[in-house]
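Fold and geometry: a report
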Amino acid sequence: GPLLLYVLDVMELPDPVLPQLPALLGPDVPAAGVLVVGNKVDLLPADCRGHLGRLRQRVAAACARAGLRGAALVDIRLVSAKTGYGVEGLVSRLQRSWKCAGDVYLLGATNSGKSTLFNTLLRSDYCKSRAPDIIDRATVSPWPGTTLNLLKFPIINPTCDRIFRRQERLKEEATKTEDQLSSEEKKYLNQLKKQGYLVGRVGRTFQQQKSSAEIDFDPDTLSYSMDEDPRDAPKKLEEREEFTHNEVKDARWCFDTPGIVKEDCVLNLLTEKEVKLVLPSHAIVPRTFILKPGMVLFLAALGRIDYLEGEKPAWFSVLASNLLPVHVTTLSKADTIYEKHAGQEFLKVPMGGEERMKEFPPLVPQDITLKGIGATEAVADIKLSSAGWVAVTAHEEEELLLRAYTPKGTALVVREPPLLPYISTIRGARIPGTPAYRTKKPPSFVENLRTTGSR
């Protein structure tokens, strides 16, 4: 039976599609199990040491709640399909445990990074060496339903010799420092560092040797008489490379599948231009604000949190796309600000003015009661559908009454425990005269690369 490689966006926990997976492992479909891949870890800042271990525990808990446990759950891996972090480890895991026992299907909700992972695996040791020149890449788009065809590539057979050669390459690359990389590799690495906190290097051990290109021309087609106009030679059709029968007769395949559309998701209400602003494409820089009772926080025009009752100020850390504006105001001004600026540049998303807001659903409230556990640890995340979330940190035993808003028909989730509980501790210095803190982007980490000067 096939292996299901389920790609999960760690920021979307609790994942809405995960509970549907056990049904695919029923007696009618002889599936071997599910390997859950927690993707987009490169976008999340480390709130403390060991944050990846905690993220993995959160994914494992979500799998257990969904009924995925025991033999059905093959493994949980944390990766970044975009920057390559954890991908070499995923390939090694697949080759060690799954080998070429059966086909592999990439499943996942829309915008989980499934097609990006397909393209990364296509150019890794998991794929047959000639395949990247033959297989079409998956379309990577924020718009749902872009992977309409069932794309696939042949999985390489991990023989003992290939495993050995691959391990030798990985050992050699792990001894390199950044200074020993080529200028092209350095440039690409610096580009990835700007995009994510966690970066990996995905290479290929087995390269298809190409014959040297020969220039073939006909002298007669290059000569013409003085009374003739030069004519372009007819272009020869380029022959598309194809697999030979022997290459694919016993092959196992890795398939990319269309994304599963999430219900109750704010992205379903947005235009493609708006989705590009809402989905984080670069490492998220957390924005922390200290609010007193009677204050309101807006995340664009897609979410709102009112601090209604409490004895002391509390910290609200926003984790969302850096392109989405955050505005803090008072309860008395909040409705006026929304009516005046929703659809305009001030709140940014949605965009399109009054006409756009006529068709956009109104914000609907939900009351939330929280009890603080300390000034350094968040008690919960208020997840504003897929627009992002706000981690709430309050003094120990401090009771807070909040009212959170999301567009009608979208899901508002109170996530307990929070995904990054210590996020407010990296808030930086307070900006004088404002409720905001001056957060700086934490440094990036490159996997499988020796730090300069270390032994």
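Structure shown above.
To start, this report covers the structure provided alongside it. All values derive from a computational prediction rather than experimental measurement.

1. A few points about the sheet that holds strand 11 (residues 314–319)
The strand order across the open sheet built from five strands is 8-11-15-14-17, with neighbouring strands paired in antiparallel fashion. Either end of the sheet is taken by a strand with one partner, and the two such strands are strand 8 (287–291) and strand 17 (412–415). Ignoring strand direction, the axes of neighbouring strands in this sheet form an average angle of 20°. In this sheet, strand 11 lies alongside strand 8 in antiparallel orientation, the contact comprising five bridges. Bridging from a neighbouring strand, Leu-291 pairs with Ala-314 of strand 11.

2. A word on the pattern of salt bridges
One side chain can pair with another of opposite charge once the charged atoms of both are near each other. In total, this model carries 25 salt bridges according to the counting rule given. Across the salt bridge formed by Arg-166 and Glu-88, the nearest N and O atoms sit 2.8 Å from each other. Of this pair, Arg-166 sits in helix 5 (residues 160–174) while Glu-88 sits in helix 3 (residues 87–97); the two residues are 78 residues apart in sequence, bridging distant segments of the chain. The exposure class of Arg-166 is buried, given its relative accessible area of 1%. Between Arg-165 and Asp-161 there is a salt bridge, with its nearest N and O atoms 3.3 Å apart. Taken as a pair, Arg-165 and Asp-161 lie in helix 5 at a separation of four residues, close to a single helical turn. Arg-165 gets classed as partly exposed once you look at its relative accessible area, which sits at 38%.

3. Things to note about empty space enclosed by the protein
Scanning the model with the defined rule gives one cavity of 30 Å³ or more in all. Taken as a whole, the largest cavity encloses approximately 160 Å³ of empty space. Taken together, 21 residues line the largest cavity, and the ones lying closest to its centre are Asp-9, Met-11, Glu-12, Pro-280 and Ser-386. When the residues that make up the lining of the largest cavity are grouped by side-chain class, the tally is 10 nonpolar, six polar and five charged. Residue assignment places the lining of the largest cavity across two domains, with domain 1 (3–204 + 248–262) and domain 2 (267–441) each supplying three or more.

4. Notes on the packing of aromatic side chains
For any pair of aromatic rings, the description rests on two quantities: the centre-to-centre distance and the angle between the ring planes. Throughout the structure, instances matching the rule amount to five aromatic pairs. Here Tyr-126 and Phe-153 contribute two aromatic rings whose centre-to-centre distance is 6.3 Å and whose plane-to-plane angle is 90°, an arrangement assigned as edge-to-face. Of this pair, Tyr-126 sits in the loop between helix 4 (114–122) and strand 5 (152–154) while Phe-153 sits in strand 5, and the two are 27 residues apart along the sequence. Assessed through its relative accessible area of 0%, Tyr-126 is described here as buried. On the numbers, 6.0 Å between centres and 50° between planes, the contact of Tyr-307 with Phe-316 is tilted. Judged by relative accessible area, Tyr-307 falls into the buried class, the value being 0%. Owing to a relative accessible area of 0%, Phe-316 belongs among the buried residues under this scheme. Chaining the aromatic ring pairs together yields one cluster made of Phe-118, Tyr-126 and Phe-153.

Calculation notes
Residues numbered from 1 in each chain as written. Predicted model: local features only at pLDDT ≥ 70, side-chain atom pairs only at ≥ 80, totals over all residues. Heavy atoms only, no water. Pairing = 2+ DSSP bridges. Helix = DSSP H or I, 4+ residues; strand = E, 2+ residues; numbered from the N terminus. Axes fitted to C-alpha atoms, helices over the stretch in contact; angles between N-to-C directions. Salt bridge = Lys/Arg side-chain N within 4 Å of Asp/Glu carboxyl O. Buried < 20%, exposed > 50% of the residue type's maximum accessible area, 1.4 Å probe, protein only. 1 Å grid on protein atoms, 1.4 Å probe; cavity = no way out; pocket = protein on both sides within 12 Å on 5 of 7 lines; lining within 4 Å. Points joined across faces, edges and corners; volume = space filled by probe spheres on them. Nonpolar A, V, L, I, M, F, W, Y, C, P; charged D, E, K, R; others polar. Domains from an automatic or database assignment. Phe/Tyr/Trp six-rings, centres within 6.5 Å; stacked < 30°, edge-to-face > 60°.

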